[in-house]
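# Secondary and tertiary structure notes
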Amino acid sequence: MPVRRILITGAAGFAGSYLIERLGATHPIVGWFKPDTPPPRPMAGVEWVPVELVDRSAVEAAVAAAAPSEIYHLAGAPSVETSWINSVPHLQVNALGTHYLLRAVERARRRCRVLVVTSAQVYQTGGDPIREDAPLVPSSPYGLTKLAQDQLALQAASDGLDVVVARPFNHIGPRQTAGFAVANFARQVARIEAGLEPAVMRVGNLETRRDMTDVRDVADAYVRIMEAGLSGRPYNVCSGRAHRMRDLLERLRELAAVDITIETDPARLRPNDVPVVEGDATRLRSELGWVPHIDIDRTLRETLDWWRAEVQAGG
């Protein structure tokens with residue numbers, strides 16, 4: 001049986017690090033990271049390689065050197081907020097970088113399955129849970145760049161490459177940076193508990209409702225899609241339940257060791273904040289047998305504990 005050789009772009013990122021843990025050390029893994037960032041910590045079975053995703057020649061050379069049988073393409077510019085300020089980097093990394101990667105696989109002329117991770121931001125939002133056949137009408141510049149990535153992947157599958165697509169909704173958990181709402185809430189709580197900030201949390205719109213899934217369940221979904229997903233078929237990765245942000249914050253406040261008050265910070269309000277985003281993961285559940293195992297309370301508790309340790313360590 002040939003050895004599975006796995007390439008993960010964005011391997012040093014939030015979801016990428018959990019995907020490595022989910023895959024374990026049973027197969028060789030090549031992890032790409034951005035050349036202008038510190039090298040990731042050494043991990044058993046992982047070869048770290050700096051690759052600039054928007055450099056066509058570098059991508060082609062790195063794919064040829066890795067000779068992968070599977071590629072998990074997680075790398076991308078992840079921020080909706082910053083896309084309103086300057087969408088060019090998002091378009092370059094999300095769309096152009098994906099184009100270069102898929103072309104490199106095509107040029108390598110070897111059997112290789114590619115999982116392209118796009119986003120639920122490609123969809124038009126509404127009151128009903130979002131299925132994979134929902135209209136593709138993004139509501140932000142970020143969503144437009146992910147739609148371009150998504151369609152590049154599906155077109156590559158139509159052209160004969162073995163490509164599957166994951167469309168994740170919000171995922172949260174320990175190790176997520178504070179640029180995302182739940183992680184930001186947890187960090188503020190941890191800093192307040194440590195006496196580093198006044199007992200006042202500054203937040204954005206708390207009335208929005210978002211579909212949240214623990215990042216460890218998301219990593220498991222990616223593996224299942226890679227192993228058994230149909231080529232050219234997109235799969236929603238979501239819990240199927242939209243949580244009100246105020247409720248998530250209240251749960252974190254209940255876990256806090258001190259009393260905390262809440263203040264709205266206008267700087268944290270987005271120009272176009274969609275009221276409700278809820279996904280439908282029926283396809284992933286029924287076709288691939290995926291079931292999320294980590295409930296929201298555990299995710300919040302472990303996220304807060306991680307931030308407490310980070311704050312104690314000076315983070």
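Keep in mind it's a predicted model, so treat the numbers as computed, not measured. (Residues numbered from 1 in each chain as written. Predicted model: local features only at pLDDT ≥ 70, side-chain atom pairs only at ≥ 80, totals over all residues. Heavy atoms only, no water.)

## Brief notes about the pattern of salt bridges
Counted only if it meets this: Any carboxyl oxygen of Asp or Glu that lies within 4 Å of a side-chain nitrogen of Lys or Arg is treated as forming a salt bridge with it. Helix and strand definitions here come from DSSP, where helices need a minimum of 4 consecutive H or I residues and strands a minimum of 2 consecutive E residues; each element is numbered from the N-terminal end. Each residue gets one of three labels from its accessible area relative to the maximum for its type: buried under 20%, exposed over 50%, partly exposed in between, using a 1.4 Å probe on protein chains only.
Taken as a whole, this structure holds 26 salt bridges when the rule is applied. Between Glu 47 and Arg 5 there is a salt bridge; the shortest N-O distance is 3.5 Å. One end of the pair, Glu 47, is in strand β3 (residues 46-50); the other, Arg 5, is in the segment before β1 (6-9), and 42 residues separate them in sequence. In this structure Glu 47 comes out as partly exposed when scored by relative accessible area, which is 42%. For the salt bridge of Arg 131 with Asp 133, the shortest nitrogen-to-oxygen distance reads 3.5 Å. Residue classification places Arg 131 among the partly exposed residues on the basis of a relative accessible area of 44%. On the accessibility criterion, Asp 133 (58% relative accessible area) is exposed. One connected set of salt bridges, linked through shared partners, spans Glu 207, Arg 244, Arg 246 and Asp 247.

## Here we look at the nonpolar core
This is how it is decided: Here, nonpolar core refers to any group of buried Ala, Val, Leu, Ile, Met, Phe, Trp, Tyr and Cys residues whose side-chain atoms link them within 4.5 Å. Contact criterion: two residues are considered in contact whenever any of their non-hydrogen atoms come within 4.5 Å of each other.
Membership of the largest hydrophobic core comes to 43 residues, with the highest contact counts inside it found for Ile 8, Leu 19, Tyr 72, Leu 115, Tyr 222 and Ile 225. Here this core gets eight residues from one element, more than from any other, and that element is helix α7 (residues 215-228). Each residue touching Leu 115, except ones within four places of it in the same chain, is listed here: Ile 71, Tyr 72, His 73, Val 164, Val 165, Ala 166, Tyr 222, Ile 225 and Met 226.

No statement about biological role is implied by the geometric values presented.
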